[in-house]
Each structure stands twice: as structure tokens, then as C-alpha cells.
Amino acid sequence: MNLVQNRLTIDAEAIKTVDPAPKYNIGAEIAVAVDGVSQATVYKYVKAAAKLTQYAPCVLEQKAAGIETAAPATSTVAKLVGIPQVEIPAGYYGFVAVEGPCTAAAGTVAAGDTLEVLNRGTTLTVDGSTGSPAETAATVAVAVEAPQGGNAPVVLLGKRVTIAAS
């Protein structure tokens, strides 16, 4: 019997759970909204190839055994970026945000700035040098407000992006 888990809606606490063995289909997506009317955050279930730091961006890669994570690396091939909302140890399984509102490690940004991740980036930075709200092929998110303690509320666009060298 096949088990189908396309996009699920579950309790928000599930995204904080990490497991040494898979609990859901690898690559399964869930949508979590704070209430019945807010924009939902879409999370993807992945295996952490290396330790994922809370709020630091990672790249999601399709592997033979499912979707795994990698550090951001320069690429002209569009990549899907995820932001873990909890730390996920290497080899463990958990959810990373890929679309919608979440918290991300961020450099100096202001509300409305479009954001990108750079090669080996551990934070989101202003997309381009001007802080313009114009979306580019590298734009992964939009800042909701300036960071507090290095982390900022952002809205992930849920699209594949290119990653610049610097």
C-alpha cells in the first residue's frame, strides 16, 4: 500500500521536532498558519547532511535517497533555499521553511528590502548594493522589519534562486 503525503496542514509544534529516523515522506510539504487567516508558512521535510543552525539559510538538493541540505554555494543553476526554525543535527530529519513568513539570520536590512543568500552565506543579505525592493533572480525573501539580535522576520518567496559569489 502506498502512502500519499502531498501538502499537509498540521500543528505548529511539528516543525520544531527533529528525528534520527524519518517520520514523514522525505520532501513532504506542510503548511502552518498562526491562525485561520494569516499567510501560511510552507515547510519541507529534509535530511540534514550537516548540522543546520537555527535561522541560517541552507540549500535543498535532490539526492537518490530524498531531499538533503547543503551549504549555499555559488551557482547559476537555480536552487531552493530553506530556513530551519530549529537546529537540526547532522543526519537527522526535520522541517525547513521554504515559503511564507519565518525568522531568518540577517545582516543589516530594513523593512521592504529584498534579500539574497551568498556563497557560504550564513545570513540573508540585501539583494544587490542599493537595498532596492526590486526582485532579481537571486531574491529569496523580503524583510518584514530590521533584525533584532541578528534575526529578522522575513517572507520567503518559495522560488528557486541563483547564488552569487559575493
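Quick summary incoming for the structure in this document. Everything numeric in this text was worked out from a predicted model, so none of it was measured.

About the cut-offs
Residues numbered from 1 in each chain as written. Predicted model: local features only at pLDDT ≥ 70, side-chain atom pairs only at ≥ 80, totals over all residues. Heavy atoms only, no water. Helix = DSSP H or I, 4+ residues; strand = E, 2+ residues; numbered from the N terminus. Rg over C-alpha atoms; globule rule 2.2 N^0.38 Å. Buried < 20%, exposed > 50% of the residue type's maximum accessible area, 1.4 Å probe, protein only. Lys, Arg positive; Asp, Glu negative; His and termini not counted. Charge placed at Lys NZ, Arg CZ, Asp CG, Glu CD. Core = buried A, V, L, I, M, F, W, Y, C linked by side-chain atoms within 4.5 Å. Contact = heavy atoms within 4.5 Å. Pairing = 2+ DSSP bridges. Salt bridge = Lys/Arg side-chain N within 4 Å of Asp/Glu carboxyl O. Polar contact = N/O pair within 3.5 Å; in protein donor to acceptor, adjacent residues only side chain to side chain.

Each helix and strand in the chain was counted, giving zero helices and twelve strands. Scaling as 2.2 N^0.38, a compact globule of 166 residues should have a C-alpha radius of gyration of about 15 Å, and the chain matches this with 15 Å. Overall size of the chain, expressed as C-alpha extent along the three principal axes, is 55 × 35 × 25 Å. Going through the 166 residues of the chain one by one, you find that 43% of them count as buried. Both charge centroids of the chain, one from 11 positive and one from 14 negative side chains, sit 9 Å from each other.

Formed by 29 residues in total, the largest nonpolar core has its most connected members in Leu124 and Val154. Every element with two or more residues in this core is listed here: β2 (29-32), β3 (41-47), β6 (75-84), β7 (93-105), β10 (141-143), β11 (151-156) and β12 (160-163). Of the residues forming this core, the biggest block, five residues, is contributed by β7. Look past the residues within four positions of Val154 in its chain and what remains in contact with it is Gly100, Pro101, Cys102, Ala104, Leu115, Leu124, Ala141, Val142, Ala143 and Val144. Core analysis: the next-biggest nonpolar cluster, separate from the first, contains twelve residues, Val42, Ala48, Ile88 and Val96 among them.

This brings us to the pairing of β11. Residue alternation in β11 divides its side chains into a buried set, Ala152, Val154 and Leu156, and an unburied set, Asn151, Pro153 and Val155. Across three bridges, β10 lies against β11 in antiparallel orientation. Looking across to β11, one finds that Val142 is bridged to Val155.

If you walk through the whole model with that rule in mind, you get four salt bridges. We note a salt bridge from Glu29 to Lys44, for which the minimum N-O separation is 3.1 Å. With Glu29 in strand β2 and Lys44 in strand β3, the pair connects residues that are 15 residues apart, well separated along the chain. Classification of Glu29 by relative accessible area gives buried; the value is 19%. With a shortest N-O distance of 3.3 Å, Lys63 and Glu61 are connected by a salt bridge. Overall, the relative accessible area of 38% leaves Lys63 in the partly exposed class. A residue is classified by how much of its surface remains accessible, and Glu61, at 24% relative accessible area, is partly exposed.

Assignment of secondary structure puts Lys23 in the loop between β1 (7-9) and β2. Of the residues examined, Lys23 reaches a relative accessible area of 51% and is grouped as exposed.

Tracing the chain through its elements places Thr139 in the loop between β9 (125-126) and β10. Polar side-chain contacts of Thr139 include one of 2.8 Å to the backbone nitrogen of Thr136. Dropping the residues within four chain positions of it, Thr139 is found in contact with Thr114, Leu115, Asp127, Ala134, Leu157, Lys159 and Val161.

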